[in-house]
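# Observations on the model geometry
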Amino acid sequence: SVAKINHRWRTCLILRELEEEIKALNVGRQHREQLKRLMNKKEKLGDLFSMLRLVLVRRKNKRSFPDNVDAFLHENEIEEILGKLLVAMERLDADIAPMLVEDGRHFNATWGYLSRAGLNDKSHLQRQIEKYADIYTSRVSNFLRYTPFMYFRSPSQSLAHDRMIPGPSVEDSTDLDDAAEYENSMEEM
């Protein structure tokens, strides 16, 4: 906006409910951590399930899996494992569903948290706050310890692809060197 560019005006939203939500988030912290653990466990089981399904599809289409990963399991063993994984994921779903419904109920029985929509998403209100308010706080008095000349900067936002991808690091280079040395010695044999 012109006011922001020419006059360096900033907008601040005073959201009194923020204090109560922060308290509620602290109260619900263990619940949310348990919920995240269960969700992560389900995601890992789902990844394994998908990989084994892919092995079956490739076998049925007479295509091999890279590096013969699928060579050590028979088709009936894979189907048995898939069945067990499916049962485990359904049990996790049965545990997760009521926990998702319960999440944030101690803050507001109908809507849950103001700033959250589900476990990992922001609410529509939170997205609007981030879009239109440069900063937000629960009280004007929170600014008393700052001078009128204070310039508030928003923290840098991370993007989905900014997450650390597991892989070898500089510290692991000796492990990589050892692995390369081992491969070279095997080739010489």
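The model shown is predicted, which means the values in this text are computed figures rather than measured ones.

## Notes on the packing of aromatic side chains
- For the coordinates displayed, the defined rule picks out three aromatic pairs.
- Centre to centre, the rings of Phe107 and Tyr113 are 6.3 Å apart; their planes meet at 25 degrees, and the pair counts as stacked.
- Classification of Phe107 as partly exposed rests on a relative accessible area of 22%.
- A relative accessible area of 5% places Tyr113 in the buried class.
- Seen from their ring centres, Tyr146 and Phe152 are 5.1 Å apart, and the 80 degrees between their planes marks the pair as edge-to-face.
- Overall, the relative accessible area of 32% leaves Tyr146 in the partly exposed class.
- By relative accessible area, which is 27% here, Phe152 ends up partly exposed.
- Following the ring pairs from residue to residue traces out a cluster consisting of Phe143, Tyr146 and Phe152.

## Points about empty space enclosed by the protein
- Applying the stated criterion to the full structure yields one cavity of 30 Å³ or more.
- Taken as a whole, the largest cavity holds about 40 Å³ of empty space.
- Looking at the largest cavity, the residues that line it are Leu15, Leu18, Glu21, Leu114, Ser115, Leu125, Gln126, Ile129 and Tyr136.
- When residues of the lining of the largest cavity are traced back to their parent elements, those giving at least two are helix H2 (17–27) and helix H5 (124–132).
- A class-by-class count of the residues in the lining of the largest cavity yields six nonpolar, two polar and one charged.

## Remarks on helix H4 (residues 75–102)
- With 28 residues, H4 extends 41 Å between its outermost C-alpha atoms, agreeing within 8% with the 40 Å of an ideal straight helix rising 1.5 Å per residue.
- Turning to H4, its buried residues are Ile78, Leu82, Leu85, Met89, Leu92, Ile96 and Met99.
- Against helix H3 (29–60) lie the buried residues of H4.
- Positive backbone phi, at 85 degrees, marks Gly104, one or two positions downstream of H4.

## Quick look at the nonpolar core
- One finds Leu52, Ile78 and Leu82 to be the most contacted residues of the largest nonpolar core, which totals 16 residues.
- Of all the secondary-structure elements, those providing two or more residues to this core are H3 and H4.

## Concerning the environment of Asn76
- Structurally, Asn76 is set in helix H4.
- Its relative accessible area of 54% is what places Asn76 among the exposed residues.
- Asn76 sits 20 residues away from Leu56 along the chain, and the two C-alpha atoms are 9.9 Å apart.

## Some points on the pattern of salt bridges
- Counting across every chain of the model gives seven salt bridges.
- For Lys42, the salt bridge is made with Asp93, and the minimal N-O distance between the two is 2.7 Å. Placement of the pair is Lys42 in helix H3 and Asp93 in helix H4, with a sequence separation of 51 residues.
- Asp93 gets classed as partly exposed once you look at its relative accessible area, which sits at 34%.

## Examining the confidence of the model for the protein
- Scored by pLDDT, the protein has a mean of 81; 78% of the residues are at 70 or more.
- Ignoring residues within four places in sequence, the model shows residues 182–189, a span with pLDDT below 50, making zero contacts including any to other chains.

Cut-offs applied
Residues numbered from 1 in each chain as written. Predicted model: local features only at pLDDT ≥ 70, side-chain atom pairs only at ≥ 80, totals over all residues. Heavy atoms only, no water. Phe/Tyr/Trp six-rings, centres within 6.5 Å; stacked < 30°, edge-to-face > 60°. Buried < 20%, exposed > 50% of the residue type's maximum accessible area, 1.4 Å probe, protein only. 1 Å grid on protein atoms, 1.4 Å probe; cavity = no way out; pocket = protein on both sides within 12 Å on 5 of 7 lines; lining within 4 Å. Points joined across faces, edges and corners; volume = space filled by probe spheres on them. Helix = DSSP H or I, 4+ residues; strand = E, 2+ residues; numbered from the N terminus. Nonpolar A, V, L, I, M, F, W, Y, C, P; charged D, E, K, R; others polar. Expected span 1.5 Å × (residues − 1). Contact = heavy atoms within 4.5 Å. Core = buried A, V, L, I, M, F, W, Y, C linked by side-chain atoms within 4.5 Å. Salt bridge = Lys/Arg side-chain N within 4 Å of Asp/Glu carboxyl O. pLDDT = per-residue confidence, 0-100.

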